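Residue strings, one per chain:
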Protein chains: 4
Amino acid sequence: MGETTTVREATYELLRRRGVTTMFGNPGSTELPMLVDFPADFTYVLGLQEAAVVCMADGHAQATRSPVIVNLHTAPGVGNAVGSLLTAQWSGAPLVITGGQQVRAMITASNWLVNVDATKVPEPAVKWSFEPPRAQDVPAAIAKALDLAQAAPSGPVFVSLPMDDWDQEVDVDVVEDLAARRVAHRAGPDPAVLLELCEALDVAEHPALVLGAAVDLAGGWDCAVAFAEKTGVEVYTAPSAGRGVFPEDHERFAGFVPFAATAVAETLAGHDLVVVVGAPAFTLYPYAPGRLLKPGTRLVLISDDPDALARAPLGDGILSDPALALAALV
Amino acid sequence: MGETTTVREATYELLRRRGVTTMFGNPGSTELPMLVDFPADFTYVLGLQEAAVVCMADGHAQATRSPVIVNLHTAPGVGNAVGSLLTAQWSGAPLVITGGQQVRAMITASNWLVNVDATKVPEPAVKWSFEPPRAQDVPAAIAKALDLAQAAPSGPVFVSLPMDDWDQEVDVDVVEDLAARRVAHRAGPDPAVLLELCEALDVAEHPALVLGAAVDLAGGWDCAVAFAEKTGVEVYTAPSAGRGVFPEDHERFAGFVPFAATAVAETLAGHDLVVVVGAPAFTLYPYAPGRLLKPGTRLVLISDDPDALARAPLGDGILSDPALALAALV
Amino acid sequence: MGETTTVREATYELLRRRGVTTMFGNPGSTELPMLVDFPADFTYVLGLQEAAVVCMADGHAQATRSPVIVNLHTAPGVGNAVGSLLTAQWSGAPLVITGGQQVRAMITASNWLVNVDATKVPEPAVKWSFEPPRAQDVPAAIAKALDLAQAAPSGPVFVSLPMDDWDQEVDVDVVEDLAARRVAHRAGPDPAVLLELCEALDVAEHPALVLGAAVDLAGGWDCAVAFAEKTGVEVYTAPSAGRGVFPEDHERFAGFVPFAATAVAETLAGHDLVVVVGAPAFTLYPYAPGRLLKPGTRLVLISDDPDALARAPLGDGILSDPALALAALV
Amino acid sequence: MGETTTVREATYELLRRRGVTTMFGNPGSTELPMLVDFPADFTYVLGLQEAAVVCMADGHAQATRSPVIVNLHTAPGVGNAVGSLLTAQWSGAPLVITGGQQVRAMITASNWLVNVDATKVPEPAVKWSFEPPRAQDVPAAIAKALDLAQAAPSGPVFVSLPMDDWDQEVDVDVVEDLAARRVAHRAGPDPAVLLELCEALDVAEHPALVLGAAVDLAGGWDCAVAFAEKTGVEVYTAPSAGRGVFPEDHERFAGFVPFAATAVAETLAGHDLVVVVGAPAFTLYPYAPGRLLKPGTRLVLISDDPDALARAPLGDGILSDPALALAALV
């Protein structure tokens with residue numbers, strides 16, 4: 001090793017360089033070593049129960065379209081957060097959850113505050129769950145967590161951090177390389193597939209656009225408006241969208257696709273082509289048997305979530321960031 | 001099938017026959033079909049956030065030494081409970097957690113209120129996590145859950161229950177057989193091993209007894225007092241015991257084994273034989289290097305928790321229900 | 001329900017319409033109901049141990065760039081396959097593994113041939129693991145499995161199938177909708193990010209291209225050759241690539257990036273820009289401390305695998321299908 | 001720390017002191033550091049595919065009623081073993097599986113031979129799965145694994161071992177304490193419950209004893225013969241018992257309880273009390289609806305497996321080591 005710094009210094013420098021200086025949390029004793037000499041250029045937003053802390057961070061991440069650190073206590077603290085993490089997963093909030101862990105020497109014998117099976121506690125609410133095998137790997141684990149949280153479909157990830165790791169030494173160069181990395185997380189539509197969709201839109205007599213929360217999360221609001229104005233398509237909000245997706249006083253706004261299965265087909269009955277962007281097709285409740293769309297209505301779903309694309313009961317699908325797809329359509 | 005009844009009727013009859021008529025919960029729409037025609041001889045204790053609901057049930061189960069049903073909402077409801085479930089696991093409370101699930105026809109496409117990966121949400125806080133493969137298997141799943149929750153070491157289990165299962169028909173005879181079952185969950189010490197321990201206690205000059213919460217949870221309070229009075233052994237409370245384990249004004253009561261690793265050896269220094277019953281040996285905090293006991297002090301641990309027996313850093317172990325072991329020693 | 005068919009008929013029709021008519025397998029009694037009246041237009045390739053069966057299917061899927069069904073026996077059969085599934089995951093083979101399961105009525109009591117915790121057996125070698133909550137959901141589960149296996153990064157998925165599901169009735173229209181679906185699984189680079197890379201390539205004095213197996217898996221061989229010939233870039237094969245990625249007698253072919261960490265920097269020392277496509281950066285063995293690249297060499301990684309993008313120790317990343325990225329660069 | 005030794009020396013000394021000097025395995029490069037200077041008093045039985053290696057170890061463990069180390073290669077090696085591990089779990093073989101892992105510094109970036117999600121690969125075939133958080137914890141992890149493998153119900157456990165841990169230093173005293181530990185893993189029946197069973201046997205007109213493999217695994221063969229000769233009870237072998245449980249030429253031997261559900265009730269029809277020891281009640285195949293026993297036949301199940309006790313569809317249960325229960329009955 002060449003020049004070294006502490007894991008604590010290295011981690012804050014990494015976060016600073018990646019532009020992540022807001023933390024939400026409800027710390028206990030296992031988190032205190034991480035918070036010693038808390039940097040003045042960071043903001044720590046304290047909450048008193050983890051269910052609320054994660055919701056606050058979820059809203060902040062959605063509003064700023066940026067990753068947020070959520071600093072939670074060992075097992076019970078992380079456990080209290082699981083319900084809100086499932087919601088954050090649904091809303092696509094890129095949260096990096098840190099859970100304190102006992103000092104490494106006490107973990108194997110399961111002493112007080114040991115997070116036994118630490119990486120399992122937040123599953124299946126997170127995309128990645130990891131406890132670094134050495135103190136020196138904490139910065140790399142946080143760096144990986146930041147990128148995975150933003151990878152499509154964005155959402156929470158978890159890193160378990162033993163409390164004696166923060167004072168260990170780590171190579172400055174390793175952290176410099178990690179801090180300098182930039183990953184472009186958004187991928188656009190296959191050009192050949194997009195062309196087919198454009199042709200289908202051209203020949204459609206009465207196309208509709210149904211937008212979900214992921215459009216605005218990806219920054220696609222303006223593209224959606226531009227596309228609607230250019231093509232005259234009618235625009236709907238998808239069922240159970242968690243945020244506004246289109247100006248509801250716009251003349252192209254046609255209303256909300258209802259939540260009840262039976263009513264979806266009625267609402268979209270007049271359209272020969274329905275393009276859903278950034279939402280599952282569809283999220284329904286309560287149960288009502290019957291086909292989602294009337295014969296004669298073709299469905300195309302554009303999403304950056306492979307699960308949403310794979311589980312739709314009918315229609316075609318295109319993998320793409322919602323905003324990049326709308327920009328390409330425009 | 002012969003005579004049938006609904007899954008709902010069958011399940012309440014099973015619970016009634018097993019003596020489990022108290023439920024704690026915070027229901028949502030996925031739980032309503034279970035609660036239709038709620039029987040007058042059952043008590044439902046409502047709480048408004050799952051972290052509190054589980055703690056209430058935990059206390060009730062410990063105080064009554066009986067299984068309790070905890071009726072939670074689908075994914076976010078169960079998720080909110082995970083922190084308290086980890087605590088209930090630590091305290092050995094035999095909780096049967098039920099989590100509502102969407103109607104079966106909506107699960108595969110992940111609609112609103114679907115508990116995706118339902119059985120994983122409460123892991124690793126539960127010993128068993130199950131979603132029945134058919135509505136007709138709900139009573140058998142609940143019956144199994146009741147017994148597994150009480151099996152040593154007692155603790156929470158989870159059953160995911162699709163909301164359209166409750167009105168389905170199930171064979172009356174199947175439920176009658178399940179309701180009539182009685183399992184003896186407590187096992188005692190190997191007689192040969194117990195004899196060796198008695199001989200060791202006889203020759204010990206200054207033995208000590210360290211009692212944990214599992215002694216009282218198993219109903220061993222009176223046996224502990226009788227043993228102390230018969231043998232004159234000094235009695236300590238284990239570190240971080242979650243409840244009283246011995247009358248603290250009794251003349252044989254010698255105090256509390258401290259929580260800090262360094263102080264354990266000091267406290268138990270004068271004893272040549274330390275018998276720990278119903279607690280890990282030991283649960284410590286904070287970290288302090290050094291041997292738990294001074295040379296010359298032998299440790300024997302009696303527990304019904306194989307993990308506690310396996311993870312102790314030193315000493316011998318005996319698998320047994322704590323109360324049966326104390327009764328046998330007396 | 002309108003017109004119905006059996007789950008068996010529906011599933012084979014779905015596979016036929018999706019173009020998946022080759023199955024590899026080693027069936028036992030739990031698979032026999034699936035194989036009754038095996039359709040004449042399907043091919044079943046029998047193997048006698050699952051480790052080999054999966055490898056055969058892996059090779060077939062890679063060579064044909066298409067999903068393949070792998071038909072395995074309940075618990076021990078699926079268990080025998082896990083090692084080869086981890087390899088298939090590494091090679092990105094879109095395998096849909098089916099595991100037989102006992103009849104639904106026998107699962108809860110864990111009888112002979114019950115795959116207890118069926119969905120956990122192949123984890124973490126699969127991206128999705130599912131047991132349908134009803135027989136009627138088998139076609140939708142297989143449809144979802146086919147698409148998820150192909151979603152980037154492509155790889156194995158698992159569906160557990162109770163043996164009494166095959167004769168149940170399912171709605172013909174539901175299956176028709178599932179069979180007609182087409183999902184475009186490949187996404188291309190963000191145009192703005194690609195432009196930056198083009199500019200970087202223009203100004204680079206001595207750029208290099210390092211290609212991994214995913215390039216050829218995505219059908220990018222010709223694009224890679226075209227790009228090399230157009231730009232004169234030197235082309236290397238990535239460490240531990242599982243297949244040929246570039247004509248090794250081509251004048252632009254510069255050799256293999258070595259497997260040993262210390263030698264990577266030496267090999268790529270003369271290049272000021274290294275673009276890795278379709279491989280991690282880098283997969284190394286054995287351990288050798290030290291920076292992967294010499295100062296002055298910039299690394300850009302293009303991959304459709306968010307994990308590979310997130311875990312690289314240095315350099316920038318671009319999410320994209322490897323072949324679409326090379327096509328766009330050309 | 002006081003006097004130290006290497007993790008390798010410490011681990012072999014621990015195994016030697018616990019009487020475990022036979023290893024089965026199929027090593028690769030990640031296992032070589034563990035096998036350097038392999039001690040002359042240990043035996044290494046080499047196999048060439050892990051499915052066979054585990055079966056050999058399973059048989060050895062059953063025959064010797066002792067824990068066995070199974071030394072497997074990282075991810076694909078452990079993966080190949082999962083099918084046989086599920087069988088070993090069924091047979092109750094106390095196997096300690098070791099899986100090699102890459103050097104700690106290479107794990108976070110997922111290089112070649114990294115066992116990503118190492119602890120998940122053998123789940124759910126093992127009772128405990130662990131990767132030590134430090135090299136110094138390897139002996140404690142192996143010690144815990146030895147005891148948990150033998151804890152009722154006995155079966156496989158897994159420990160993932162980074163290949164650079166073996167040359168690290170560990171405190172001699174820590175290992176000495178671990179090596180000296182002895183845990184009594186067998187617990188006997190609750191005396192009050194046993195008394196009730198004795199009374200029921202006394203008044204039964206035509207009792208039967210059904211024995212499973214766990215009787216012989218626990219060393220209860222002689223007790224079973226003694227009990228049968230003393231009481232004149234008819235003795236059957238349980239369905240799908242994996243080994244002989246009673247002398248089949250003995251005059252009290254009444255035959256095998258059949259595997260098919262419908263035939264169990266016929267076989268046991270004449271008995272008013274059936275006591276099953278050391279087997280589930282019952283493991284059946286294929287599916288056949290109907291009650292397991294005729295009206296008038298009472299079932300009592302004695303087992304050290306809480307899951308077998310909890311999942312039986314009818315009858316009462318007693319938690320106990322099978323051999324201790326038979327000894328107490330005698």
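Residues numbered from 1 in each chain as written. Chains lettered and ligands numbered in written order. Predicted model: local features only at pLDDT ≥ 70, side-chain atom pairs only at ≥ 80, totals over all residues. Heavy atoms only, no water.

Participant: So what's going on with the interface of chain A and chain B? Residues and values would help.
Facilitator: How big an interface is tends to be stated in terms of accessible area lost as the parts join. Contacts between chain A and chain B engage 38 residues on the former and 38 residues on the latter. Approximately 2900 Å² of surface area, both sides summed, lies buried where chain A meets chain B, with 66% of it carried by carbon and sulfur atoms. Taken together, chain A and chain B are joined by zero salt bridges. The element best represented in the side of chain A that touches chain B is helix H5 (residues 82-91) of chain A, accounting for five residues. Residues that form the side of chain A that touches chain B fall into these classes: 21 nonpolar, twelve polar and five charged. (Contact = heavy atoms within 4.5 Å. Buried area = accessible area lost by both parts, 1.4 Å probe. Salt bridge = Lys/Arg side-chain N within 4 Å of Asp/Glu carboxyl O. Helix = DSSP H or I, 4+ residues; strand = E, 2+ residues; numbered from the N terminus. Nonpolar A, V, L, I, M, F, W, Y, C, P; charged D, E, K, R; others polar.)

Participant: Lay out the pairing of strand E12 (residues 234-237) of chain A in plain terms, naming residues and giving numbers.
Facilitator: Residue and element names in this part refer to chain A. With four bridges connecting them, strand E11 (residues 207-211) and E12 associate as parallel partners. Counterpart to Ala208 in the pairing with E12 is Glu234. Pairing geometry for E12 and strand E13 (residues 253-256), over three bridges, is parallel. Counterpart to Thr237 in the pairing with E13 is Phe256. (Pairing = 2+ DSSP bridges.)

Participant: Hey, could you go over the relation of the copies chain A and chain B for me, with residue numbers and the actual values?
Facilitator: In the superposition of chain A on chain B (RMSD 0.0 Å, axial shift 0.0 Å), the rotation amounts to 180°. Such values leave the two copies arranged in the relation of a two-fold axis. No C-alpha of chain A approaches the rotation axis more nearly than that of Asn80(A), which lies at 2.7 Å. (Least-squares fit on C-alpha atoms with pLDDT ≥ 70 in both.)

Participant: I'd like to hear about the packing of aromatic side chains, residue by residue, with values.
Facilitator: For the coordinates displayed, the defined rule picks out 40 aromatic pairs over all chains. Summarising the aromatic geometry, the rings of Trp128(C) and Phe130(C) are spaced 4.9 Å apart at their centres and angled 15° between planes, so their arrangement reads as stacked. By relative accessible area, which is 15% here, Phe130(C) ends up buried. Members of the aromatic cluster, each reached through a chain of ring pairs, are Tyr12(A), Phe38(A), Phe42(A) and Tyr44(A). (Phe/Tyr/Trp six-rings, centres within 6.5 Å; stacked < 30°, edge-to-face > 60°. Buried < 20%, exposed > 50% of the residue type's maximum accessible area, 1.4 Å probe, protein only.)

Participant: Can you tell me about the interface of chain C and chain B, naming the residues and giving the values?
Facilitator: Across the contact, 14 residues belong to chain C and 14 residues belong to chain B. Where chain C abuts chain B, roughly 1200 Å² becomes buried across the two surfaces, and 55% of that area is made up of carbon and sulfur atoms. The largest contributions to the chain C side of the interface with chain B come from Arg104(C), Thr108(C) and Pro133(C), which together make up 43% of the buried area. One can count two salt bridges joining chain C with chain B. The residue Glu123(C) makes a salt bridge to Lys120(B) at a minimum N-O spacing of 2.6 Å. Viewed at the interface, chain B and chain C are joined by four residue pairs in polar contact (both at pLDDT 80 or more). Broken down by secondary-structure element, the contributors of at least two residues to the side of chain C that touches chain B are helix H6 (104-107) and helix H7 (138-150) of chain C. Of the residues contributing to the side of chain C that touches chain B, the split by class is six nonpolar, two polar and six charged. (Polar contact = N/O pair within 3.5 Å; in protein donor to acceptor, adjacent residues only side chain to side chain.)

Participant: Account for the relation of the copies chain C and chain B, with residues named and values stated.
Facilitator: Aligned on chain B, chain C shows an RMSD of 0.0 Å; the corresponding rotation is 180° and the shift along the axis is 0.0 Å. Both copies share a contact surface, since 100% of the interface residues of chain C are interface residues in chain B too.

Participant: Hey, could you go over the environment of Ala200(B) for me, with residue numbers and the actual values?
Facilitator: Residues and elements named next belong to chain B. Mapped onto the elements of the fold, Ala200 is located in helix H8 (residues 191-203). As for Ala200 and Ala109, which are separated by 91 residues in sequence, their C-alpha atoms are 63 Å apart. If we ignore the near neighbours within four places in the chain, the residues touching Ala200 are Leu273 and Arg298.

Participant: Which residues make up the sheet that holds strand E3 (residues 43-46) of chain A, and what are the values?
Facilitator: All names here are of chain A. One open sheet accounts for six strands, arranged E3-E2-E4-E5-E7-E6; its pairing is parallel. Of all the strands in the sheet, just E3 and strand E6 (129-130) have a single pairing partner and so form its edges. The sheet contacts of helix H3 (residues 50-64) involve strand E2 (22-26), E3, strand E4 (68-72) and strand E5 (95-101), and relative to E4 the element is tilted by about 175°. (Axes fitted to C-alpha atoms, helices over the stretch in contact; angles between N-to-C directions.)

Participant: Let's hear about the pairing of strand E7 (residues 157-162) of chain B: which residues, and what values?
Facilitator: All names here are of chain B. Of all the six residues making up E7, six are buried; the element is thus mostly covered by neighbouring parts of the structure. Burial along E7 is two-sided: the residues Val157, Val159 and Leu161 and Phe158, Ser160 and Pro162 are all buried. Both strand E5 (residues 95-101) and E7 contribute to a ladder of six bridges, which runs parallel. From the neighbouring strand, Gly100 faces E7, where its bridge partner is Leu161. Alignment of strand E6 (residues 129-130) against E7, held across two bridges, turns out to be parallel. Bridge assignment links Ser129 to a residue of E7, and that residue is Phe158. On the question of chirality, the crossover connecting E6 to the parallel E7 by way of helix H6 (residues 138-150) is right-handed. (Right-handed = clockwise from strand over helix to strand, strands pointing away.)

Participant: Which residues make up H6(B), and what values do they have?
Facilitator: Residue and element names in this part refer to chain B. Taking 1.5 Å of rise per residue, 13 residues should cover 18 Å, and H6 covers 19 Å from first to last C-alpha, within 8% of that figure. Where burial is concerned, most of H6 is hidden: eleven out of the 13 residues are buried. The set of residues buried in H6 consists of Val138, Pro139, Ala141, Ile142, Ala143, Lys144, Ala145, Leu146, Asp147, Leu148 and Ala149. (Expected span 1.5 Å × (residues − 1).)

Participant: Describe the sheet that holds strand E2 (residues 22-26) of chain B, naming the residues involved and giving the relevant values.
Facilitator: If you trace the six strands from one edge of the open sheet to the other, you get E3-E2-E4-E5-E7-E6 (chain B), paired in parallel fashion. Edge positions in the open sheet fall to strand E3 (43-46) and E6 of chain B, since each of these has one partner strand only.

The values are spatial; any link to function lies outside them.
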